[in-house]
Amino acid sequence: MKTATQNACKLCTPLGACLAFKGVEGCIPLLHGSQGCATYMRRYTISHYREPIDIASTSFTEDTAIFGGGRNLTTAINNLISQYNPQAIGIASTCLTETIGEDMNLLLSEFRKQHGENPLPTLFNVSTPSYRGTHADGYWAAIGAILSSLAKQEFPRNLGVITPGLVSPEDLRQLKKVFKVYDYPLLLMGDYSETLDGGVWESYKKISPGGVPVEQISQAGDASFCIDFTTLTQNGGTKYLGDNLNKQRFTIPMPIGVQLSDRFHRLMRKLTGKEIPEEFVVMRNRLLDAYTDAHKYTFGKKAVVYGEAELVLSMAVFLEEIGIVPVLCATGSDTKLLKAEIEQNLKHPEKVQVEVDLDFDDLTSLVHKGDADFLIGNSKGYKLSKALDIPLIRIGFPIHDRFGAARVKHIDYEGSLTLFDRVVNTLIEIKQNTSEIGYTYI
């Protein structure tokens, strides 16, 4: 019987919260726990996004692990204010502080009382013990915490709130483009498109520019609708807006491929009252044309998909529609909904093995040479790819062994076309490399 996780197929819960916090303008993530947690997350995010990313820590020691870290939290927030002058501080708990039962709301309430009428940055906190959930769960919980802290109701306005999940900065820019073409105001939660993939600075900035201003997030309570790109997460995201402020809320899978992008644009047409813009119709046709041109390369191939549950679901639908069988869909999340969603969204779910709450040791025991033509997932699958001598198409998070992870496209017709080209060219390269003839014209 297995007693421990070996090379987890997921990352720490507060890491996802830190990514969500980076979507708020002028926000510094602060981990209430040991320095090691912050160091690990800085290393993971910096090597994926290739940007300077500060994640602060309350730096627990042996004493604070026993007597509580209230004083450390106060010191950390005061240090951040004096050193960074942030507009907001997003605080995530860790395994240690959750285990000793730190009452974060009480500690922050006392901190605010200490400062009286003095202006403070906006403070919000989220519970993210890593022994419960994944980095994706931390992301959704943090978005929920931000909205429940800031969203207010003043007067109804035309505004769409979207929580896209852990997509790339390039995907976030694509979503902003979609709303711009529909000519509809957007509040994009977790908008780290600039903070984690910005340009060159003329002088050093302590906090990366970009993100959604706190004042704009407060308008979420007036939104006309909200959409979460997940059908697998029960809590977090815009759930607070739907449950507590009676906003129209829709949950759909991440729009990858024609079928799921169609679902997204049909919803946009319904909610905005506008026909699907010609620009997207043209791109959809271009994607379909590419499917037709390349079906001889993709039809009947087999793939193993792994990573965040939302990404795995959408990738499985995309692979099936281009003729590839996703023989194994795996995630480190323990969601019981993935199998049901696979069965609902795929035409031939009987060909798909769905595995949840597994690590790469489990994955390695499930996949043998000849089972699949390629893997598709994050960089953590490289060793399995090498052992099986099959390619790995890198998507999702983290991508540590390639450059340009922030600009990998996944969503909407445009992102799907880029992804499709990568899949097809990978298959062509396999054929070329394994041919004794050595094709130069395929």
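A short tour of the structure in this document, coming up.

Describing the packing of aromatic side chains
Next up, step 1: The tally for this structure, following the rule as stated, stands at eleven aromatic pairs.
Next up, step 2: When the centroid spacing of 5.4 Å and the interplanar angle of 90 degrees are considered together, the rings of Phe229 and Phe264 count as edge-to-face. Of this pair, Phe229 sits in the loop between strand S7 (225–228) and helix H10 (239–245) while Phe264 sits in helix H11 (residues 257–272), placing them 35 residues apart in sequence. Here Phe229 and Phe264 have matching classes, each one buried.
Next up, step 3: Ring geometry for Tyr291 against Phe420: centres 4.9 Å apart, planes inclined by 55 degrees, an arrangement best described as tilted. Linking Tyr291 in helix H12 (residues 278–298) with Phe420 in helix H17 (residues 412–434), this pair joins segments that are 129 residues apart in sequence. The same class applies to Tyr291 as to Phe420, namely buried.
Next up, step 4: Taken together, the ring pairs connect Tyr49, Tyr192 and Phe397 into an aromatic cluster.

Digging into the sheet that holds strand S4 (residues 122–126)
Next up, step 1: Strand order in the open sheet formed by four strands is S2-S1-S3-S4, and the pairing between neighbours is parallel. If you trace the sheet from one side to the other, it starts and ends with strand S2 (56–57) and S4, each paired once.
Next up, step 2: One ladder, built from six bridges, connects strand S1 (residues 27–32) with strand S3 (residues 88–93); its direction is parallel. Counted as the bridge partner of Ile28 is Ile89 from S3.
Next up, step 3: Its contacts with the sheet place helix H1 (residues 13–21) against S1, S3 and S4, and it is angled at close to 170 degrees to S3.
Next up, step 4: Its contacts with the sheet place helix H6 (residues 104–115) against S1, S3 and S4, and it is angled at close to 165 degrees to S4.

Considering the packing of H12 against H17
Next up, step 1: Packing of H12 against H17 leaves a shortest axis separation of 9 Å and a crossing angle of 15 degrees. Judged on the interaxial angle alone, H17 and H12 are roughly parallel. As for how H12 packs across H17, the hand of that crossing is left-handed. Contacts from Phe280, Met283, Arg284, Arg286, Leu287, Ala290, Tyr291, Ala294, Tyr297 and Thr298 of H12 reach H17 at Asp412, Tyr413, Glu414, Ser416, Leu417, Phe420, Val424, Leu427 and Ile428.
Next up, step 2: Considered class by class, the residues forming the contact of H12 with H17 number 13 nonpolar, two polar and four charged.

Quick look at the nonpolar core
Next up, step 1: Membership of the largest hydrophobic core comes to 110 residues, with the highest contact counts inside it found for Met315, Phe318 and Leu319.
Next up, step 2: If we ignore the near neighbours within four places in the chain, the residues touching Met315 are Ile256, Val305, Ile376, Ile395 and Leu419.
Next up, step 3: Formed by 17 residues, the second largest nonpolar core is a distinct cluster that contains Val304, Val325, Leu375 and Ile390.

Focus on the pairing of strand S10 (residues 325–330)
Next up, step 1: The buried fraction of S10 is high, at six of six residues.
Next up, step 2: Bridge count between strand S9 (residues 302–306) and S10: five bridges; the pairing is parallel. Bridging from a neighbouring strand, Ala303 pairs with Pro326 of S10.
Next up, step 3: Running through helix H13 (residues 309–321), the crossover from S9 to the neighbouring parallel element S10 is right-handed.

Observations regarding unusual backbone geometry
Generally, phi is negative for residues other than glycine and the peptide bonds are trans, each holding for most cases.
Next up, step 1: Here the bond from Phe397 into Pro398 is cis, since omega is 5 degrees, no more than 30 degrees from zero.
Next up, step 2: Mapped onto the elements of the fold, Pro398 is located in the loop between strand S13 (392–394) and H17.
Next up, step 3: Positive phi values are uncommon outside glycine, yet Arg50 reaches one of about 60 degrees.
Next up, step 4: For Arg50, a relative accessible area of 41% translates into the label partly exposed.

Details of a nonpolar patch on the surface
Next up, step 1: Together, Ile437, Tyr439 and Ile442 make up an exposed nonpolar region whose accessible area comes to about 290 Å².
Next up, step 2: Residue placement: Ile442 occurs in the segment after H17.
Next up, step 3: Exposure remark for Ile442: the relative accessible area of 35% places this residue in the partly exposed category.

Comments concerning the pattern of salt bridges
Next up, step 1: Enumeration according to the criterion identifies 14 salt bridges in this entry.
Next up, step 2: Arg249 serves as the salt-bridge partner of Asp228, at 2.7 Å between the closest nitrogen and oxygen. With Asp228 in strand S7 and Arg249 in strand S8 (residues 249–251), this residue pair connects regions lying 21 residues apart in the sequence.
Next up, step 3: Judged by its relative accessible area of 0%, Asp228 falls in the buried class.

A closer look at H11
Next up, step 1: The end-to-end C-alpha separation of H11 is 22 Å, in line with the 22 Å expected for 16 residues at 1.5 Å each.
Next up, step 2: Those residues of H11 lying buried are Gly257, Val258, Leu260, Ser261, Asp262, Phe264, His265, Leu267, Met268, Leu271 and Thr272.
Next up, step 3: Gly273 occupies a position one or two residues after H11 and carries a positive phi of about 75 degrees.

Cut-off values and rules
Residues numbered from 1 in each chain as written. Predicted model: local features only at pLDDT ≥ 70, side-chain atom pairs only at ≥ 80, totals over all residues. Heavy atoms only, no water. Phe/Tyr/Trp six-rings, centres within 6.5 Å; stacked < 30°, edge-to-face > 60°. Helix = DSSP H or I, 4+ residues; strand = E, 2+ residues; numbered from the N terminus. Buried < 20%, exposed > 50% of the residue type's maximum accessible area, 1.4 Å probe, protein only. Pairing = 2+ DSSP bridges. Contact = heavy atoms within 4.5 Å. Axes fitted to C-alpha atoms, helices over the stretch in contact; angles between N-to-C directions. Parallel < 35°, antiparallel > 145°, perpendicular 65-115°, else oblique. Left-handed = near helix turned anticlockwise from the far one by under 90°. Nonpolar A, V, L, I, M, F, W, Y, C, P; charged D, E, K, R; others polar. Core = buried A, V, L, I, M, F, W, Y, C linked by side-chain atoms within 4.5 Å. Right-handed = clockwise from strand over helix to strand, strands pointing away. Patch = residues over 30% accessible without salt bridge, like charges linked within 9 Å, V, L, I, M, F, W, Y side chains within 5 Å. Areas by Shrake-Rupley, 256 points an atom, 1.4 Å probe, with all protein chains shown as cover. Salt bridge = Lys/Arg side-chain N within 4 Å of Asp/Glu carboxyl O. Expected span 1.5 Å × (residues − 1).

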